[in-house]
Structures are given as structure tokens and as C-alpha cells.
Amino acid sequence: MAISSPMKAHAQERYEAPKAIPITPILPMESTVGDSPRTLPQSIQQDSRAVFTLSLTATLAGSRIPIQSGLVWRIYAAVPGAEPALVSELIDATPRQILPQGNYIVHVSYGFASAMQRFALNADTASQLAISAGGLRVTGVVGQDPIEPQDLTYAVYLPEQNNPEGRLVANNIASGDTLRLPEGDYHVVSNYGTSNAISRTDLSVEAGKVTDATINHRGAKVTLKLVANEGAEAFAGTAFSILTPGGDTIYEEVGAFPSLILAEGDYVVVARHEGQVYSREFTVESGADSDIEIVGQQ
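Residues numbered from 1 in each chain as written. Predicted model: local features only at pLDDT ≥ 70, side-chain atom pairs only at ≥ 80, totals over all residues. Heavy atoms only, no water.

Draft legend 1. Representation of the nonpolar core. Counting 25 residues, the largest nonpolar core has Leu 56, Leu 71, Trp 73, Ile 75, Val 106, Val 108 and Ile 131 as the members making the most contacts within it. Those elements that provide at least two residues to this core are β2 (51-60), β3 (71-77), β4 (85-90), β6 (102-110), β7 (113-121) and β8 (125-131). Broken down by element, the residue count for this core peaks at five residues, all from β2. Excluding anything up to four places from it in sequence, Leu 56 contacts Trp 73, Ile 75, Ala 93, Thr 94, Pro 95, Val 106, Phe 119, Ser 127 and Leu 129. With 24 residues, the next largest nonpolar core counts Ile 147, Val 222, Ala 271 and Phe 282 among its residues. (Core = buried A, V, L, I, M, F, W, Y, C linked by side-chain atoms within 4.5 Å. Buried < 20%, exposed > 50% of the residue type's maximum accessible area, 1.4 Å probe, protein only. Helix = DSSP H or I, 4+ residues; strand = E, 2+ residues; numbered from the N terminus. Contact = heavy atoms within 4.5 Å.)

What follows is the structure, given as C-alpha cells:
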């Protein structure tokens with residue numbers, strides 16, 4: 001699949017309900033990957049001599065080129081007065097399924113995007129479903145310097161009314177990975193490290209395109225050390241706590257020289273070792289990695 005026309009990120013103060021197809025299908029999502037149909041409802045089995053082939057393909061909305069990978073197909077038997085019954089689940093790009101005559105619902109998912117169609121199967125049938133999907137790929141920078149992929153993850157939300165983080169779509173997505181999403185507007189929360197260096201922005205995903213978003217963070221990596229004097233070897237087994245000037249604890253770890261990423265700002269570090277407690281105030285400047293030494297008498 002060729003997805004073209006990258007877009008840059010744009011932060012906006014608008015939290016409208018996205019015009020996207022539902023992320024969670026209304027049909028039951030049992031898992032039963034395989035080419036052979038499951039046991040069919042009795043009403044469809046009544047005339048098992050009449051069987052037909054259902055051939056399926058999927059495209060991105062506005063394109064005639066079939067999607068070649070990443071699809072999951074689910075075929076449900078539609079019986080009046082009963083819940084749709086899962087017949088088969090297929091992972092081929094262009095599956096062909098032999099089924100008895102009857103009414104069916106076909107659901108295809110592509111990442112978090114999907115499409116659905118109903119069929120009255122009374123002859124060999126070939127159908128193409130259009131999925132209104134695009135891609136989202138997020139990377140980060142500090143100033144002009146790119147953030148290492150292993151140091152950046154992000155979460156995607158569907159805004160609801162005045163709440164930009166109304167509904168979580170996907171969490172802990174790695175920097176540079178392409179996330180398949182329904183066309184629409186999203187709120188992205190990007191995490192530089194695992195502490196408090198967080199950036200938020202609003203993005204739009206267009207069908208058949210990848211939105212390339214480069215998000216700016218303001219933070220730096222710090223390494224904590226408790227030493228007898230400046231430049232000396234760090235004491236092992238030290239319990240470190242990092243607090244905001246207001247006294248809120250945002251990080252705790254035990255070690256000789258733990259490292260973490262912090263948002264720019266002022267902090268207090270407390271080091272506990274062999275019954276003694278030491279502290280120091282320090283400032284994090286964006287893009288300036290540093291060693292924070294706490295000097296204590298042992």
C-alpha cells in the first residue's frame with residue numbers, strides 16, 4: 001500500500017467531535033482465525049446444497065488499489081431475531097470464502113479503522129469494501145536535535161465535547177511507528193522519557209495519507225549521584241527522590257547513578273544512604289543533559 005502526501009503537525013484549540021468511523025465495531029469480536037467456517041445457524045444450514053463463493057477485497061477510501069496486508073476479515077451470519085453469529089475470521093488480503101446461501105455481515109478492520117457491509121448471498125459474489133483510514137507517525141525533537149526513538153512514546157485520544165482526552169484510542173506507541181486510524185481529528189499526548197516531560201497537540205488524519213507529526217519537547221536527561229566529594233565514585237544502594245519546589249514527588253529509585261528525563265524547571269533531589277539524608281536543589285535546562293551530584297559526608 002502506498003500512502004502519500006505527508007502532513008506536518010498543527011496544534012489547534014479545537015475539540016470537535018471527529019468525523020470518523022467507529023473504532024470499536026458494534027459486532028461481537030470473537031477470535032477464530034482460519035479459513036474454514038464455523039458451525040452455521042440452523043436457519044442457514046437448512047439448504048446446505050446451495051453454496052456460493054464470497055470474494056473480498058478492501059481499498060482505502062478514494063483509491064481503487066487493494067490493500068495488500070494488515071487486514072482482518074470477520075464474516076457473521078445474519079439471522080432474524082438473533083445476534084449476528086461469527087462464521088469465520090480471515091487474515092488474507094483478498095480472501096475467498098465458500099458459504100451456504102443466506103444473509104451475512106462482513107466486517108474488515110485495518111489497524112483501528114474498519115468498514116462493514118451486508119450481503120444477501122444467493123450467487124457467487126465479489127465485493128470491495130472502502131476503508132476511510134489514514135496513518136499517524138509521531139517523532140520528537142528537543143530544539144533542533146531529534147529525540148532517540150526509544151525515549152519517546154505517545155498516546156492517541158478521540159476528543160469528546162470539551163474534553164480533548166475523552167476516549168483513549170491507543171497507548172504507548174513507539175516513536176516512528178505508523179498507527180492506522182480512521183479519518184478524523186485526534187489529540188496526541190507525547191512522552192519524552194517516563195517522567196514529566198510531556199507535550200500535547202491536536203492532529204488530523206486524512207484518508208489515504210500519513211500525518212507526519214514532529215513534536216517539540218523541552219527537557220533533558222539527568223544522572224543522579226551521591227558522592228563523598230565532587231567527582232568521586234557514586235555510592236551504591238542510594239535511594240533517590242525528586243520533588244517539585246512545591247514538595248510533590250515525581251520520581252523515586254534506588255541505585256548508584258540512576259538516569260531519567262525531566263521537563264525543564266526547578267527541582268529538589270533527596271538522597272538517602274545508610275540512615276543519612278542529603279538534599280540539593282537543581283535546575284533542568286532544555287537540551288542540556290547533566291550529572292547531578294549530591295555531596296554527603298560518609
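Next comes the rest of the account.
Draft legend 2. Here's a closer look at the sheet that holds strand β11 (residues 152-160). The strand order β12-β11-β14-β15 describes an open sheet built from four strands, whose pairing is antiparallel. Each edge of the open sheet carries a strand with a single partner, namely β12 (163-174) and β15 (197-205). Neighbour to neighbour, the strand axes of the sheet diverge by 25° on average, direction disregarded. Sheet topology places β11 next to β12; six bridges connect them, and they run antiparallel. Pairing of Glu 160 across the sheet is with Asn 163, part of β12. (Pairing = 2+ DSSP bridges. Axes fitted to C-alpha atoms, helices over the stretch in contact; angles between N-to-C directions.)

Draft legend 3. Examining unusual backbone geometry more closely. The phi dihedral of Gln 161 is positive, around 55°, even though this residue is not glycine. Assignment of secondary structure puts Gln 161 in the loop between β11 and β12. For Gln 161, a relative accessible area of 70% corresponds to the exposed category. You will see that Asn 172, though not glycine, has its phi angle at about 60°, which is positive.

Draft legend 4. Broad picture of the pairing of β6. Of all the nine residues making up β6, eight are buried; the element is thus mostly covered by neighbouring parts of the structure. Examined bridge by bridge, β3 and β6 share seven bridges and lie antiparallel to one another. Pairing of Val 72 across the sheet is with Ser 109, part of β6. In terms of strand pairing, β6 meets β7 through nine bridges, oriented antiparallel. Residue pairing across strands places Asn 103 opposite Ala 120, the latter belonging to β7. Remark: two residues form the turn of the hairpin made by β6 and β7, two consecutive strands paired antiparallel; Gly 111 in that turn has positive phi of roughly 65°.

Draft legend 5. Seen up close, the side chain of Ser 175. Its place among the elements puts Ser 175 in the loop between β12 and β13 (178-182). Among the polar contacts listed, one links the side chain of Ser 175 to the backbone oxygen of Val 138, at a separation of 3.5 Å. Apart from the residues within four sequence positions on either side, Ser 175 is in contact with Val 138, Thr 139, Pro 149 and Leu 152. (Polar contact = N/O pair within 3.5 Å; in protein donor to acceptor, adjacent residues only side chain to side chain.)

Taken by themselves, the reported measurements are silent on function.
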